[in-house]
Structures are given as C-alpha cells and as structure tokens.
Amino acid sequence: MIASLLAVVTVSYLTARLAKVSNHKEKPLHAYLLPQPQQTLAEDCHAAFEQKIDSLLGTRREQHLETLNGFAPRQISEATKQDNRYLVVAALNAGITIALGAVAPLWLILTVPLSLYLVRRPFQDAWQSLVHERRMTVALVDAIAVSAAILAGFWQVTAIGLFLYAVALKLLNTSKQKSRQQLGGLFMRVSTCVWVQRGGVETEINIADLQEDDVVVVRSGEIIPVDGIILQGIALVDQRILTGESQPAEKQGGDDVFAFTLLLSGRLELKVCKSGQQTVAARIGDILQKTADYKNQHECRAEQIADRAVAPTLLLSVLALPISGMSGAIGVLWSCFGYTMRISSPMSVMNFLRHASEQQILIKDGMALDVLPGIDTVIFDKTGTLTEEQPELHLIHRFAQHTDNDILAFAAAAEHRQSHPIASAIITAAQQQGLSLPLAEHSHCQVGYGIEVCIAGQATHIGSTRFMESVGIALPEMAIHIQTQAESQGHSVVMLAIGGLLAGAIELRPQLRPSAHATVQALKARGIHTCIISGDRETPTRNLAEKLGIDDYFANTLPEQKAQIAQRLQAEGRTVCFIGDGINDAIALKQADISVSLKGATTAATDTAQIIFMDGDLSHLPTLIDMGQQFQKTQHQNMWISVVPAAISISGIMLLHGGLALAAVMFYLGMGLSVRNAIQPIQLSNLKNHDN
Ligand SMILES: Nc1ncnc2c1ncn2[C@@H]1O[C@H](COP(=O)(O)OP(=O)(O)OP(=O)(O)O)[C@@H](O)[C@H]1O
Ligand SMILES: [Zn+2]
C-alpha cells in the first residue's frame, strides 16, 4: 500500500517536472500548438513537448546560444522523437496500471500490449551493449527485472520500472544532445555566406549560389567554407577539427584545404572542389556523429558506475531467490543503485547548466563540470581578456612628412575587416574623426605580428616592432624611445610603415576590465596559480602582472607557443584553465583542460571555448570554479543517496527475508531524495558583493 502511494507520488512528480510549462512566460503553449503552414500538427506537438522538457533546463541557455551563433538549434531529431513517444507511452501505462490496480485489478490484463511495446526497448538496449559492445549495462538489469516482475504478476512494479526507465533514457539523451549543440553554430555560420572574387571585386554571396568557377576568398580568423585547392596565398591552417593534429599546417598554392578548418594566418584564394552545400551537408552529419560518440565515452560517469553495479546485482538476486523467494529476487534487482544515479546525475548536470546560464555563464559542454573542480592554474590572455575588448587610441607619433590623419587613415584602411582589439581601436578612432579611408588591396594578416597590405599603390605594414624587423623595416632611435616611454606608462605601441619606411606609431591605452583585480584576488584566495600569456611585449605584460598580483607571465608569445606553455604546465601535473579572446588564443584554448572566452571575442575563440561569459565579466571565473566544486559535491551526494537505500534494502532482503515492498519503499525514498538533491537551487557566493 505504502509502496503504491509512493509510486503515485513519484510518477506524478516526475511527470509534473517534465510537463512544467507555467514558468514559460515568453512563449505560451498555444504558440507551439498553432499549426504552422509547413508543419504538421504532430510535429508541432513534438516541438511543444520538446520545449516542455527543455523548460527543465531553462530557456536562457538556448537564448545565449542564439545570441552567440545567430540561431538556436531547434530541430528535433528522429531519436528524440522516439524517446518522447516512449516516455509518453510509459507514463500512460504507469498511470493506467496504478489506477486499475487500485480499482479493478482484473482489468490489468488490458495493459499487456502497452507493456510489451515498452519492454522491447530495454531488451534491445541490453542486447546492443552485450553483443556489440561486449559489456553489461543497467539495461540488462532493467530487462530482467521487468520481465521477472511481469511473470510474477507484479504489474504496478513493472509499469513504474518502465516509466523510470523512460525518464532516465530521456534525461540522458537530452543531456548528451546539449553537448552536440556547441558545434551547431560553427556549421550554420559556415553554411550561409562566403566571399568570392568576381570581376576583380570581392562580394559576399550565399553558399548555395556558389558556381563552378568561383574563386573563394578566405582571410585569417575565418573558417574555410568549402573543400578546395589553393590558387593563391600562403597560410597557416588549424585542421584539428578534422584530423586532431595539434600543429597547424602550412599551406600554399596547389595544396588542398578542407571545409570547417580554421585559417590562422594569411589570405587564401581557393578553387572550389565540390559544390559547397554537398560538402557542408555531408560533413555536418559526419562530424556531429564523431564528436557525439567521442563525448559519449567520457560523459556518463554515472552510467559507468551504474554499469559496474550490474554483475553484483544479478548475482545477489540469484542468491536472494532461495532466501526470500521471487519477491526478494526482484527486490534485489530493483535495488540496483544505478537506477537512481541514472536519473539524478543528468538532472544535476542540467540543473547546473541552467543555473550557470542564469548568471550569464554559457557552458556549451557539460563535460566541463567534471573537470572544473580540479583546476589549479588559470592562464589569462592579456589584450582583450584582462583588458577591455578595445583599447583607446592615446597618441599618434609621426616620423615622416605624413599628417596624423594620414597615419590614422592608412592604419584604419589596413585594419579593415580585422577583428583584433588593436584593429577595432584604430577603426573606431578613424570613424570618430570622420576620415574617408583609402582602398586597401592584397591584405595579408600574420597572426601575432601584424598586417601587410597595399594602399594607394604603396606597400604598407602595421604591427609590432618584431613584425617591422622581420620584414626589414628600419626602426629609428626615436621610435624605440617612444615605445619605451609608452610602455613605462602601461601603454602599447603599433608601428606603421608606408613604402618601406616607418611613418608613424600609434600609442594605445588599454583599459583594464573592471573585475580583473577582484577576480585575480578571488582565484588566489582559492589557492589557484595565475599567469598571463600575451603576444604583446615584455614590459606591458610584466607591468600588468605586477599590478594585478598575477604569479607568472609569458610575453612575446606566438599562437603555437601559447599552446605549448599550456601543455608544459599540464605536463607538470597542473589542470589548466585558459581564458582568451583572440585568433591567437584558439590553439591554446583547445589545449587547455577548460577553455573560456568572452562574448564579443573573435569567433575563432568563441567557437573553440567550452564556456562563454556572456556579459564579459571576468568575475565569473571564481564562481565557475566554486560551481564545479558544488557539482562534485552534488554528484557525491547523489551517489550516497542511491547507495545507502540500496544497501538497506538488499540487507533487509538477504537477512530479514524482506521482499519487493521493502525494496520499493527504499527505492522511492532514494529516488525522491536524489531528484530533490539534483534540482535544488545552487548557492554560490557572488564575488561582486564581497570585493570592490
Ligand atoms: N591586427 C593587428 N594590427 C596591428 N598590430 C597587430 C595586429 N595583430 C597583431 N599585431 C601586433 O602583434 C602583437 C602580438 O599580437 P597578438 O595578437 O599575438 O597579441 P596581443 O593581442 O598583443 O596580446 P594578447 O596575446 O595578450 O591578446 C601585437 O601586440 C601587435 O603589436
Ligand atoms: Zn587577446
């Protein structure tokens, strides 16, 4: 009796959680149910259902993904539809069975077809993992428990077991799907627009309008949109997404390049090999699949723990048979603590993801939660990360006959279409002066150095002193003096050369992000080692490290070196979090154990990073680490909450001849407590209230 009461409560609670739409204010239910011209009512119902389930996760996360990628992944896959259908039938079956069991037990026979339909799934899953993957999963316990319960006539037990199985399946698959979404943005953006050279001019066209003989132009920081052959240009390409190789590949005329790889430096003109859309379509599915499979191996720690409990559970169940009969044997199967873990663990993940979204932290990859508590080293990029997205133009120095406006106009023309913080500062300043810019041609950007471009027929270079030296432009004594002066005030200098002669220097004043100081202090208070890695010069980097109390710094680093430093720290046994904004950070972001970027950073960085701070506030960093620790605590609690009742129930069955009733009471108790634990609000200190 108690058991069925608890069963009713659990089923209604879980159904209510899943069906909860009341807090869905922005989009009332009828908005989904109103038939759209191209969609069938069935599809709309699926969409509505999917939204209901997503309300568990909060819609904020989808909104963040939408602002970041320009779209929200709303498509419902066939697998998801199947899971939903299964869940609905299982809920229906559980409801009918419990009701009939209470009022007209004889009529329970009517539920047999539904049960048969439902039982097929755990059998299929168990068979799949047994035969194809050669391992025993919880599905095996499910299949045996459910069939034994049916044969022994425990109808309600079977129905509730199946319902919980459906819930676990749904939760697990939903949380897996969330990790796939991070790739969506990249592919959607690539698949829409490309730049082509037609009649000597570059125009942006829809990828669907690509023609056979079009020449596609790709610039540094962009994702290569097609499979093609290089007609012109030399470039450094990060192909990791396809090949997994960590070193970027050098490419030149005649070499192949592939869609979805990232152009780190250079400018390429490509001959399209395959009709763009075909390639895009083919790869999307392929890569999504590969990535999802890769994730699956790592993601489900709870699943692994649960699977390990399978063999002992089956053994104990057999042992219980002579002691406490069929009821005891099924009771043991029900006590398999994996059941509870399988539901509470993905629920916890989703709860944390939702909570983070509400605080403007978009965690694209749920796996990050497992790694976060281990972080002991945080590496900051300097320009654009510790400092604001855009420095301020402070002064223009002249070395030749040019005017300040000439220098600014040439610089702004050269920086056209660049996403570097220096570029935005210069372009903004030129706009504020109302300057009309000369035409810049043959632009070639070297990540970490600067830009070479042809303006008004003259070779123009803008970049660091290192860049000037590398292209053989002499730096007058005066320029070095200006740079030293500027750097002693914490400013940075970029040099501009026109026609091979140094023409001017632009002095930029970086603005520290407001929360930088408090963030570093909060990290240090947590015993975390901090460093800066910057492509900028030694003095400004060291000054900033000293000012903020950062433990260590590395200056003058090139993109690959940033990744190498991260790798070296990892080899010392550190778990590294890298936070960066630029194209020059993309490789290091991939190397780090946890990668963070800020909204407004270059797409190369926001596509690569696992976590994005949507409001650009660095103080989320310590919050994030606290969150990871809380997550770990919750997962431990989840485990104890499932292990203890299971142990009590198994001991009761083995020692005191307990049966299914005891197992059920303990099961519901554990399930109730762990679901509560998994969805409880997360209490975190808010850094902003403490410091300042
Ligand atoms: N678009 C650009 N325009 C002018 N100079 C550039 C440009 N890109 C790079 N440089 C020069 O190369 C140097 C190194 O650039 P890089 O992008 O590697 O690092 P950064 O942005 O200065 O610093 P951080 O690594 O901290 O973000 C810059 O300091 C600048 O002098
Ligand atoms: Zn940067």
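Cut-offs used in this document
Residues numbered from 1 in each chain as written. Chains lettered and ligands numbered in written order. Predicted model: local features only at pLDDT ≥ 70, side-chain atom pairs only at ≥ 80, totals over all residues. Heavy atoms only, no water. UniProt positions renumbered as here; feature names shortened; annotations may be inferred. Helix = DSSP H or I, 4+ residues; strand = E, 2+ residues; numbered from the N terminus. Donors = N, O, S within 2.8 Å, 3.2 Å for Na, K, Ca; no water. Tetrahedral: all angles 85-135°; square planar, octahedral: opposite > 155°, others 65-115°. Buried < 20%, exposed > 50% of the residue type's maximum accessible area, 1.4 Å probe, protein only. Pairing = 2+ DSSP bridges. Axes fitted to C-alpha atoms, helices over the stretch in contact; angles between N-to-C directions. Contact = heavy atoms within 4.5 Å. Right-handed = clockwise from strand over helix to strand, strands pointing away. Near = heavy atom within 4 Å. Polar contact = N/O pair within 3.5 Å; in protein donor to acceptor, adjacent residues only side chain to side chain. Areas by Shrake-Rupley, 256 points an atom, 1.4 Å probe, with all protein chains shown as cover. Nonpolar A, V, L, I, M, F, W, Y, C, P; charged D, E, K, R; others polar. Domains from an automatic or database assignment. Buried area = accessible area lost by both parts, 1.4 Å probe. Salt bridge = Lys/Arg side-chain N within 4 Å of Asp/Glu carboxyl O. 1 Å grid on protein atoms, 1.4 Å probe; cavity = no way out; pocket = protein on both sides within 12 Å on 5 of 7 lines; lining within 4 Å. Points joined across faces, edges and corners; volume = space filled by probe spheres on them. Phe/Tyr/Trp six-rings, centres within 6.5 Å; stacked < 30°, edge-to-face > 60°. Lys NZ or Arg CZ within 6 Å of the ring centre and 35° of its normal.

So, on to the UniProt feature "transmembrane region" (unreviewed entry) in the protein. Mapped onto this structure's residue numbering, the UniProt feature "transmembrane region" (unreviewed entry) falls at residues 86–119, 140–168 and 639–669. Annotation note: span residues 140–168, helix share 90%, strand share 0%, distance between end C-alpha atoms 14 Å. Within the segment residues 639–669, helix and strand shares are 90% and 0% respectively, and the terminal C-alpha atoms sit 14 Å apart.

Next up on the list: the coordination of the zinc ion (ligand 2). By definition of the ideal shapes, four donors in a tetrahedron about a metal sit 109.5 degrees apart, and six donors in an octahedron sit 90 or 180 degrees apart. The protein atoms that coordinate the zinc ion (ligand 2) are Asp381 (OD), Thr383 (O) and Asp581 (OD), at distances spanning 2.2 Å. Coordination at the zinc ion (ligand 2) is irregular, judged from the 4 donor atoms that bind it and the angles of 71 to 169° they form at the metal. For the zinc ion (ligand 2), the single-chain donor residues occur in sequence as D-x1-T-x197-D. With a gap of 198 residues between them, Thr383 in helix 15 (residues 382–386) and Asp581 in the loop between strand 19 (576–579) and helix 23 (586–591) connect regions that are remote in the sequence. Look at Asp581 and you get buried, because its relative accessible area is 8%.

Moving on to the sheet that holds strand 15 (residues 492–498). Sheet strands pair by backbone hydrogen bonding; their relative direction is either parallel or antiparallel. As summarised here, the arrangement of the 6 strands in space is 11-16-15-14-13-12, forming an open sheet in which the pairing is antiparallel. Lying at the two open borders of the sheet, with one neighbouring strand each, are strand 11 (392–398) and strand 12 (440–446). Between one strand axis and the next, the sheet turns through 20° on average, direction left out of account. Pairing between strand 14 (residues 458–463) and strand 15: 4 bridges, direction antiparallel. Counted as the bridge partner of Gly463 is Met495 from strand 15.

Right, let's get into the sheet that holds strand 21 (residues 611–613). Pairing is mixed across the open sheet formed by 7 strands, whose spatial order is 9-21-20-19-10-17-18. This sheet does not close on itself; its edge strands, each paired only once, are strand 9 (361–363) and strand 18 (552–554). Sheet twist, expressed as the average angle between the axes of neighbouring strands with direction ignored, equals 20°. Sheet contacts for helix 25 (residues 620–656): strand 9, strand 10 (377–381), strand 19, strand 20 (594–598) and strand 21; angle to strand 21, the most-contacted strand, approximately 140°.

Turning next to the pairing of strand 20. For strand 20, the buried fraction is high: 5 of the 5 residues fall into the buried class. With burial as the criterion, each face of strand 20 is covered, one bearing Ile594, Val596 and Leu598 and the other bearing Ser595 and Ser597. Pairing of strand 19 with strand 20, which is carried by 3 bridges, proceeds in the parallel orientation. In the strand pairing of strand 20, Cys577 is matched with Ile594. Considered for its hand, the β-α-β crossover made up of strand 19, helix 23 and strand 20 is right-handed. Pairing analysis gives 3 bridges linking strand 20 to strand 21, with the strands arranged parallel. If you follow Ser597 over to strand 21, its bridge partner there is Ile612. Taking the sense of rotation as the criterion, the β-α-β connection linking strand 20, helix 24 (residues 603–608) and strand 21 turns out right-handed.

Further remarks concern the site of ligand 1. Asp381, Glu415, His420, Ser534 and Lys562 are the nearest of the 18 residues found near ligand 1. Within the backbone of Gly448, a nitrogen or oxygen atom sits 3.3 Å from an oxygen atom of ligand 1. Summarising the interface, the protein chains cover 96% of the accessible area of ligand 1, which totals 590 Å² for the free molecule. Mapped onto the shell around ligand 1, the elements with two or more residues apiece are helix 15 and strand 13 (450–455). Of the residues belonging to the shell around ligand 1, the class tally is 4 nonpolar, 9 polar and 5 charged.

So, about the side chain of Asp381. Of note, Asp381 is situated in strand 10. Judged by its relative accessible area of 3%, Asp381 is buried. Side-chain polar atoms of Asp381 contact the side chain of Lys562, separated by 2.8 Å.

What follows covers the domain arrangement of the protein. The domain boundaries assigned to the protein delineate domain 1 (2–20 + 56–186 + 300–358 + 625–690), domain 2 (199–279), domain 3 (361–387 + 514–616) and domain 4 (392–509). Averaged C-alpha coordinates put domain 3 and domain 4 at centres separated by 27 Å. Domain 3 puts 17 residues into the contact, and the matching count from domain 4 is 13 residues. For the domain 3 and domain 4 pair, buried surface summed over both sides reaches about 1,100 Å², with 54% attributable to carbon and sulfur atoms. Sorting the residues of domain 3 by area buried against domain 4 places Arg537, Pro540 and Leu558 first, and these three jointly supply 37% of that buried surface. One can count 1 salt bridge joining domain 3 with domain 4. The closest approach of N and O atoms between Glu487 and Arg537, which form a salt bridge, is 2.5 Å. Remark: the boundary between domain 3 and domain 4 carries 6 residue pairs in polar contact (both at pLDDT 80 or more). When residues of the side of domain 3 that touches domain 4 are traced back to their parent elements, those giving at least two are helix 15 and helix 21 (538–548). By residue class, the composition of the side of domain 3 that touches domain 4 is 4 nonpolar, 9 polar and 4 charged.

Taken as a whole, this structure holds 4 cavities of 30 Å³ or more when the rule is applied. Volume-wise, the second largest cavity comes out at about 80 Å³. Around the second largest cavity, the lining is made up of 14 residues, and of these Ser335, Pro645, Ala646, Met666 and Phe667 lie nearest the centre. Within the residue set of the lining of the second largest cavity, elements represented by two or more residues are helix 25 and helix 26 (660–679). For the lining of the second largest cavity, the leading source of residues is helix 25, giving 5 residues. Across the lining of the second largest cavity, the residue classes tally to 9 nonpolar, 5 polar and no charged.

All right, on to the pattern of salt bridges then. Evaluated as defined, the whole model comprises 15 salt bridges. Among the ionic pairs, Lys562 bridges to Asp381, the shortest N-O distance being 2.8 Å. With Lys562 in helix 22 (residues 559–571) and Asp381 in strand 10, this pair connects stretches of sequence that are 181 residues apart. One salt bridge connects Arg574 with Glu572, and the closest N-O pair in it is separated by 3.7 Å. Since its relative accessible area comes to 26%, Arg574 is described here as partly exposed. Accessibility expressed as a relative area gives 55% for Glu572, which makes it exposed.

What the rule picks out here adds up to 4 aromatic pairs. Between Phe352 and Phe631 the ring centres are 5.2 Å apart and the planes differ by 85°, which places this aromatic pair in the edge-to-face class. Pair noted here: Phe352 is in helix 13 (residues 338–358) and Phe631 is in helix 25, with a separation of 279 residues, a long-range link. Across this residue pair, the class does not change: Phe352 and Phe631 are buried. Positioned above the aromatic ring of Tyr86 is the side chain of Arg121, whose terminal nitrogen or guanidinium carbon lies 5.5 Å from the ring centre. Over the ring of Tyr449 we find Arg466, and its NZ or CZ is 5.0 Å from the ring centre.

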